[in-house]
Structure formats: C-alpha cells, structure tokens
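Okay, here's what each chain looks like letter by letter:
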Amino acid sequence: MVRGLLWFALIGCGAVQAAVPALDSAKRSQLSQHEFWLLLNRYERDAWGRWRSHVVDESFFLSKEGLQDPQAELVATLKALYAPVRLADQHAQCVYPARARWLREQLQLTDLPKVDCPAFQQWFAEINPHHVVLVFPAAYLNSPSSIFGHTLLRVDPPEAADRGTSLLSYALNFGAAIDDADNSMLYAWKGVMGGYPGQFAILPYHEKIAEYNRLENRDLWEYSLDITPDEAVRMLEHVWELQRFDFDYYFFDENCSYRVLELLEVARPGLRLTQDFHLTAIPTDTVKAVQEAGLVTQVRYRASRERELLVREAELTEQERTWAKQLAEGERTLEDTEFQRQPTARRALIQDAAYRLLRYRATGKDRDTQTARRSYALLRGIQDNPPNPLEVTQPEVPELGHQSRSVTGTLGQRESRTFAEYGLRMAYHDLNDRLTGFPLGAQIEIAKLAVRQYEGGHWQFQNLELAGIRSMTPRTDLLKPWSWQVRGGLERVLDQHEQEVLVSHVSGGGGVTQAWTDQLRTFGLVTARLEHNRNFGAFLAPALGFNTGLLWHNTLGGFVLEGSGDYFHNGTVRRQFQATQQWDWDKNLGIRFSLRRDFTQGFEPVTEAGLALRWYFY
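Criteria and cut-off values
Throughout, residues of each chain are indexed from 1 in the direction in which the sequence is written. Only residues with pLDDT of at least 70 are given local features in this predicted model, and only at 80 or more are side-chain atom pairs given and counted; all residues enter the totals for whole chains, interfaces and linings. Values reported for side chains reflect all heavy atoms of the structure, with hydrogen atoms and water molecules removed beforehand. In DSSP terms, a helix is any run of H or I states spanning at least four residues, a strand is any run of E spanning at least two, and both are numbered starting from the N terminus. Working rule for helices: expected span equals 1.5 Å times residues minus one. Think of it in three bands: with a 1.4 Å probe and only protein chains considered, a residue is buried below 20% of the maximum accessible area for its type, exposed above 50%, and partly exposed in between. A pair of strands is labelled paired if DSSP reports no fewer than 2 bridges between them. Inter-axis angles, ranging from 0 to 180 degrees, are taken between N-to-C directions of lines fitted to C-alpha atoms, where helices are fitted over the stretch in contact. Angular relationships are summarised with four words: roughly parallel below 35 degrees, roughly antiparallel beyond 145, roughly perpendicular across 65 to 115, and oblique for the angles in between. Left-handed describes a crossing whose near helix is turned anticlockwise from the far helix by less than a right angle; the clockwise case is right-handed. Should any heavy atoms of two residues lie within 4.5 Å, those residues are counted as being in contact. Gly is placed with the polar residues, together with every amino acid not listed as nonpolar (Ala, Val, Leu, Ile, Met, Phe, Trp, Tyr, Cys and Pro) or charged (Asp, Glu, Lys and Arg). Each aromatic pair joins two rings of Phe, Tyr and Trp (for Trp, the six-membered one) with centres within 6.5 Å, and gets the label stacked for planes under 30 degrees apart, edge-to-face for over 60, and tilted for any other angle. Think of it as a cone above the ring: NZ of Lys or CZ of Arg counts as a charge over the ring if it is within 6 Å of the ring centre and within 35 degrees of the ring normal. In protein, a polar contact requires one atom able to donate a hydrogen and another able to accept it; more generally it is a pair of N or O atoms within 3.5 Å, and residues adjacent in sequence count only if both atoms are side-chain atoms. A pairing counts as a salt bridge when a side-chain nitrogen of Lys or Arg comes within 4 Å of a carboxyl oxygen of Asp or Glu.

Student: Describe helix α12 (residues 229-242), listing the residues and the values that go with them.
Tutor: Between its first and last C-alpha atoms α12 spans 20 Å; for 14 residues at 1.5 Å apiece the expected length is 20 Å, and the two agree. Buried residues dominate α12, accounting for 12 of its 14 residues. Taken together, the buried positions of α12 are occupied by E231, A232, V233, R234, M235, L236, E237, H238, V239, W240, E241 and L242.

Student: How would you sum up the pairing of strand β17 (residues 541-553)? Please name residues and give values.
Tutor: Where strand β16 (residues 520-532) lies against β17, 12 bridges are found, and the strand directions are antiparallel. Its bridge partner being in β17, L525 is matched across the sheet by N547. As defined by bridge partners, β17 adjoins strand β18 (residues 558-568) across 11 bridges and the pair is classed as antiparallel. Counted as the bridge partner of A543 is F568 from β18. Between the end of β17 and the start of β18, which pair antiparallel, lie 4 residues.

Student: Explain the packing of helix α8 (residues 118-127) against α12 residue by residue, including any values.
Tutor: With their axes 11 Å apart at the nearest point, α8 and α12 run at an angle of 130° to one another. In terms of orientation, α8 and α12 fall into the oblique class. Every pair of crossing elements has a handedness; the one defined by α8 and α12 is right-handed. Contacts between α8 and α12 pair A119, F120, W123, F124 and I127 from the former with V233, L236, E237, V239 and W240 from the latter. When its residues are assigned to classes, the contact of α8 with α12 shows 9 nonpolar, no polar and 1 charged.

Student: Could you give an account of the packing of aromatic side chains, naming the residues involved and the relevant values?
Tutor: On inspection of all chains with the given rule, the structure shows 25 aromatic pairs. Ring centres of W323 and F339 lie 5.4 Å apart, and the angle between their planes is 50°; on these two criteria the pair is classed as tilted. Of this pair, W323 sits in helix α16 (residues 318-329) while F339 sits in helix α17 (residues 337-340), and the two are 16 residues apart along the sequence. Of the two residues, W323 and F339, neither departs from the other in class, the shared state being buried. An aromatic cluster is defined as three or more aromatic residues linked by ring pairs; in this entry it consists of Y43, F60, F61, Y96 and F245. Positioned above the aromatic ring of F174, the side-chain terminus of R259 is 5.6 Å from the ring centre. Across from the ring centre of Y454, 3.8 Å away, lies the NZ or CZ of R417, which sits over that ring.

Student: Quick one: what's the story with α16, residue by residue and with numbers?
Tutor: Its 12 residues place the ends of α16 17 Å apart at the C-alpha level, agreeing with the 16 Å of an ideal helix rising 1.5 Å per residue. Those residues of α16 that sit buried are E320, W323, A324, Q326, L327 and A328. Looking at the buried side of α16, the elements it contacts are α17, α18 (344-361) and α19 (369-384). A positive backbone phi angle near 85° is found at G330, which sits one or two residues after α16.

Student: Break down the side chain of D285 for me, with residues and values.
Tutor: By the element assignment, D285 lies in helix α14 (residues 283-292). In this structure D285 comes out as buried when scored by relative accessible area, which is 4%. For D285, the residues in contact, after removing those within four places along its chain, are F277, Q403, S404 and Y618.

Student: Before we move on, could you go through the side chain of E73 and cite the residues and values that matter?
Tutor: Turning to its location among the elements, E73 is positioned in helix α5 (residues 70-80). Within the structure, the side chain of E73 is placed 2.9 Å from the backbone nitrogen of S63, a separation counted as a polar contact. Leave out the neighbours within four places in its chain, and E73 touches W37, N41, Y43, F60, F61, L62, S63, G66 and R99.

Student: An account of the sheet that holds β18 is needed here, citing residue identities and associated values.
Tutor: Ordered by their spatial adjacency, 12 strands build a closed barrel running β10-β11-β12-β13-β14-β15-β16-β17-β18-β19-β20-β21, and the pairing between neighbours is antiparallel. Each neighbouring strand pair of the sheet contributes to a mean axis angle of 20°, computed without reference to strand direction. With 9 bridges connecting them, strand β10 (residues 405-414) and strand β11 (residues 417-429) associate as antiparallel partners. Bridge assignment links V407 to a residue of β11, and that residue is L424.

Student: Which residues make up the pattern of salt bridges, and what values go with them?
Tutor: Applying the stated rule across the entire model yields 44 salt bridges. Residue R452 is joined to E421 by a salt bridge in which the shortest nitrogen-to-oxygen separation is 2.6 Å. With R452 in strand β12 (residues 442-454) and E421 in strand β11, this pair connects stretches of sequence that are 31 residues apart. Taking the relative accessible area as the measure of exposure, E421 reaches 16% and is therefore buried. E491 is the salt-bridge partner of R487, the closest N and O atoms lying 3.3 Å from each other. According to the relative accessible area criterion, E491 is buried, its value standing at 17%. Within the structure, one salt-bridge network assembled from shared partners comprises R414, E421, R452, E500, R596, D598 and E608.

Okay, structure coming up:
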C-alpha cells in the first residue's frame, strides 16, 4: 500500500519528479553498495553472489526489484522522498526516517519537502530514546525457545537515569512469530528450519521484566552501553522502518541476538559486530562481541523470583521451611499460637518465604480467591514485621564462560585396540565443561560429531548427536523441580557379532536430583529409548531403562560418574558405567580423562579409556 501511494503521487506530479537530483551511474553504484545502505535494508549476498534482503515482506521495498536490487531500491527511495507532502504519514520521509536521514546527509539534500509525520512523531516522543542497555535473560532449559538465553535492548528516556528507574523505558525485541498451537517439538523444528517469520516489537520494559523474571524465572543481566543520544535516535528511526515487516528467522543464526547486533551497527556505523556470526549467533557469544567492542560501561544483575526464593529458603531451618509451606498452602495461619511463639525475627523470615513461595507457585495461573486472601494476609504480616533485606550473591557474568564451539582430539584404548578420535561440537556446554558462567547440572549440546581412526588405518564414523539436553536441577524442601534429559542422533552399539554397528535413536527421561553441597549432586532418572537398528527385527525398537549418577565440581574441574541401562522389548539388554574428569587448564582449554565399561547381554564386557584435549573456540 505504501509503495502504491508513493508511486501514484510521483507519476501524477511531474513538477515534483523534476526536483529529484539526477545521479550518474557511478554515484548510484557507490551509494547502493555503501555498507550502511546495505545494512539499512538487510542486504547480503547469497551462495551465488546475488543480493537478497533478509526482510521477506516485499511491501517493505519501494521498488519492485528492491528485495534483490540495492540500486533499484536506492533510486526508488530518492524519488519517493520528493513526493507531495499531502501523503503525510504515508510519505517516504515518514515511513523511512533512517533512509531519509542517510540520503540527506550523503547527498546534502537541502530542498526536500517539509513533511508532517504525526504517527512517527507521537511514537518517537513516547519512547524518547536517550540511552541503550543490552539485556540478557539467562538460559531457561524448560523452554525450547530459551535454552541458549536471549538478548534484547532496553531504550531509556533522559529521565530514567535521573530517577534511577526503568519503569519509563521500552524493550526492543526481535523474535519468532510462533503459532500458539505448536508444541515444543514442532517449535524447535520450525525454528531451526526457518518455519516462522521474525518480527521486531517494542513494548514497555516492565512488561518484559515480568515475563522473564517472574513468568519464566530467569535471571537478567543488563549491560549499559556507550551509545550516545544521537546514536540511539538513529537506531530508533530504523526500528520504526522495520517493526511492521517480517524477516527470515532461524534459531541458530538469524535470531534475536543477531538482529540486536545489526541494530547496534546502525546506531554506530563502522561497528563490525556481526562479521563473525556466519553459522551461529548464540546469545552469550553476541554479548562477548559487544564487550570486546568496548561498548559496555556497566553491568547490573537482576535475580529471578526463583533464585530469591532459594536464597530465603537457605536461611530457614527444616522446621521453619515446613512452616513456610503450611502458611503458603493455607494449612496454618499467621495467628496460629505455635507460630506466634517463634521469635519475631524468625517469624519475619518464615512469612516472607511463605509469601515468595505462594507467588512463585501462582506464576502463570489464574488468581483464585483463596490464593489472593493468603497472599494479602502474608503481605500485611511482612509489612508489620519486615524481614532482613535479601542478599543475593551475584553469579559470575555469563560472558566469562568458555567459547561455545569445541574441537576434541582423543587418544584411547578399546580393549586391545588403540584409536585416535577427532570431535567437533557446534554448541555449547556439557556436564564436564568448565563451570564458570554456567549453572551446575545444565547441558546443551548441538551438532556433536566424532570420527575415529583405529590402528592399522581403519577409519570409523563414531557418532553424530543432533541434540543433547540435560537439566539436573536439585529439589529442595520448598521447590520440587523435575530433572530431565533428551537426546537424539547416531551412535555405535555392539551387535550380535560383537562388532560396533551404527544405529539411530531418540531417547529421554525424567527423575530427580539431590544437592548435597553447592558442588555435589546425585541424580536418578527413568528413561525411554526408541532405536532403529538393522540387526533388530522391527524397524523401531523401544526400550525402558535408567540413568543415575553423581556430579561433582572439584578443584580440577567437572567430574561425572554415571550408570545407565536400556532394556529392549526384544530381550536385548545394554548397561554402561562411565567416569569422566575434566581438568580446566585454561578458560578455553581442557584435558579430559574418561573410563567406560559397556555390558551387552550375551557378550563379554568391553572397556574403553581415553585422554582428550578439548579446545573451545568461536
């Protein structure tokens, strides 16, 4: 519609067209190939060297060839800037303020018509950009869209700093426009394959805070950026151009974090934040890129509701935790005689923990009358008898963690056979990796490949794990999360001839984790597996099993001891016991020793040991 109105006005008004500056072919080529023009319109060359924009909505472009022709879009934009002012909000100067600003500066366009843009001016005045903050909500394993974390921008008005509050700020977010009917598996598939359009959205920041801190219980990291008010203005003008249109969206590369980096490049031309993110754009890596560019001036941490509850719970005795649960569930009241006998300071902690637990459990649910009454009573009790301030220890900042990709070289022995194994993992972290910047008990591995060379020159494709996710979150007296894992891909198992055969599988499980200290956990899960094995009669063979073990973060690094078993419906039984210790030599270098013993029904046990050097890189 925008394109049609602009071209109608231009065709019907020859006097206006005559005022458009004439550019020779050299100037048109120079401007259309300028990196800032290409960035404004999201042009990149495809595998065949042709230009194509990441904006998939053709109505974004003023030229019919604009999707694939930067020069045609430049010429069309320049003409549209001289359209009659009566177009008002539909005028190119109103629809494309960042383009208009850049062309005005490049060509010194002093004779552009003066256009009133009430819609843009009102929107811009409400946001009033002055300062920009990069926000990183930490990883949340129970949501497929959030397993790597997320990044967005907070835009502050001038008074935000004076008042010390972000209540007047806005959140600038890019994400997939998902179908609410899609389940988690379908979401993951469509997100990886580009099945969703991506869209920009800008909304009050306090609403986004509620979503991440409260609804999803995610810690937030806020990185104040060295972006000037003029640069913030330039970025917001560009956001106005983009927010109504669909983009390509891919979970691993053209995602939220990549688009945020592009916006910062628009804010400050000359930044090279996206140049290293050709294959993947994992949020923590993009935060590191912003840090390395020298843009971060201050870091602020906001603890999630869950973390705050755990900190308060740690201050209570076992009996006091029982009191907190009973108060939250309505089994006891604050007027209970036994409760009133407790010391005043202890009552303050108990009722505060009860209130936090009640609010935590109510997250995402419709508020019923009984919950509201208990919440109000506890809140009044807290006001009458306030607890000591909550002191949450700030964890290590995420960007201090190791790089997201890794390569591994292993020397090993499988029974009497010596081998060398070479591995590549595109992302991201396992239970043995260096813990700095990551939570204990969390594993996310994507595209993990290994090939093996046995002595005598025999090469063997060992495994390809498409995805492997484990969440070993401990249960407490107040919180009872389930631990779970899921993985799928190709791997080697013993067949009936005691030879390794390559099988495809998908497996998962659920159970519980117990924390004995901050650095020691044990876990137990019931598992299920579905396997395609050419030596089985059925195309797919199901199995039930177990996975139990121990996680210990020690002075050397991460240690994992675990046992697992699969019991197939056809009678096949496999069990495995494995111990792995990593020595964190450096931030991005580790030495790992592993010892494994495989038991397959009807065969002799097989022992395998390996010493690996692992290098993390991006």
